[in-house]
Amino acid sequence: MEVSIMENLKNELQRLREENKELKTTCSVQESSLLELADQLGRSKLEMEELRYDIDQSKENKWMADDEAICCYQCEANFSLARRKHHCRNCGMIFCNDCSNKKRLLPSSSKPVRVCDECDLIFIKRLHGFGHFVDRTDTM
């Protein structure tokens, strides 16, 4: 009788040890998942702040009137029939084609739009600095 009770207790102890091991594994997997989610949440919050900043900046930028520009804002080449004016869709200034031939996806646009070299450089710095912005550079 006592041998049978001892055998049952041994079996129960073994079962509980196996269950404990499984629970520890499950707990470890869930902790890893929580850490991963926390990391993703932190990156998402940072990206949201950057998007808010970009939207605020684009609202502050004034669209330069065509008649205000007689030359490219960057290289200062005079505009003519051959050298046309192009607005940077990010800062609103007027450039020649050579100084504004990049395209970027802006928070205010659904497709990549023309940006000047200076604004393109800002996007490139963000891309390399934070690693989560999508590079959408196309030549026109």
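Residues numbered from 1 in each chain as written. Predicted model: local features only at pLDDT ≥ 70, side-chain atom pairs only at ≥ 80, totals over all residues. Heavy atoms only, no water.

**Q** So what about unusual backbone geometry? Which residues, and what values?
**A** Unlike most non-glycine residues, E76 shows phi in positive territory, near 65°. By the element assignment, E76 lies in the loop between α1 (2-60) and β1 (86-87). (Helix = DSSP H or I, 4+ residues; strand = E, 2+ residues; numbered from the N terminus.)

**Q** How would you sum up the packing of aromatic side chains? Please name residues and give values.
**A** What characterises a pair of aromatic rings is the spacing of the ring centres plus the angle enclosed by the ring planes. As enumerated under the stated definition, the model contains one aromatic pair in all. With a centroid separation of 5.9 Å and an interplanar angle of 85°, the aromatic rings of Y73 and F95 are classed as edge-to-face. Of the two residues, Y73 sits in the loop between α1 and β1 while F95 sits in strand β2 (residues 94-95), which places them 22 residues apart along the sequence. Residue Y73 is classed as exposed on the basis of its relative accessible area of 52%. Judged by its relative accessible area of 3%, F95 falls in the buried class. (Phe/Tyr/Trp six-rings, centres within 6.5 Å; stacked < 30°, edge-to-face > 60°. Buried < 20%, exposed > 50% of the residue type's maximum accessible area, 1.4 Å probe, protein only.)

**Q** An account of the nonpolar core is needed here, citing residue identities and associated values.
**A** In terms of nonpolar packing, the biggest core is built from 17 residues, with C72, F79, C88, C91, F95, C116 and C119 touching the most fellow members. Broken down by secondary-structure element, the contributors of at least two residues to this core are β2, β4 (113-115) and α2 (117-130). If near-sequence neighbours (up to four positions away) are discounted, C116 is found in contact with C88, C91, F95, C99 and S100. (Core = buried A, V, L, I, M, F, W, Y, C linked by side-chain atoms within 4.5 Å. Contact = heavy atoms within 4.5 Å.)

**Q** Kindly report on the confidence of the model for the protein, identifying the contributing residues and their values.
**A** Mean pLDDT over the protein stands at 85; residues scoring 70 or higher make up 86%. Mean pLDDT in the protein bottoms out at α2, which sits at 81, and peaks at β2, which reaches 96. Long-range and interchain partners of residues 131-140, a stretch whose pLDDT sits below 50, account for 28 contacts in this model, where long-range means more than four residues apart. (pLDDT = per-residue confidence, 0-100.)

**Q** An account of the pattern of salt bridges is requested, with residue identities and associated values reported.
**A** Tallied over the full model, the rule gives five salt bridges. A salt bridge links R15 to E19, with the shortest nitrogen-to-oxygen separation between them at 3.0 Å. Here the residue R15 and the residue E19 both occupy positions in helix α1, the gap between them amounting to four residues, near one helical turn. Judged by its relative accessible area of 36%, E19 is partly exposed. Of the charged contacts in the structure, one is a salt bridge between D120 and R104, with a shortest N-O distance of 2.6 Å. Separated by 16 residues along the polypeptide, D120 in helix α2 and R104 in strand β3 (residues 102-104) bring together distant segments of the chain. R104 sits in the buried class, given a relative accessible area of 4%. (Salt bridge = Lys/Arg side-chain N within 4 Å of Asp/Glu carboxyl O.)

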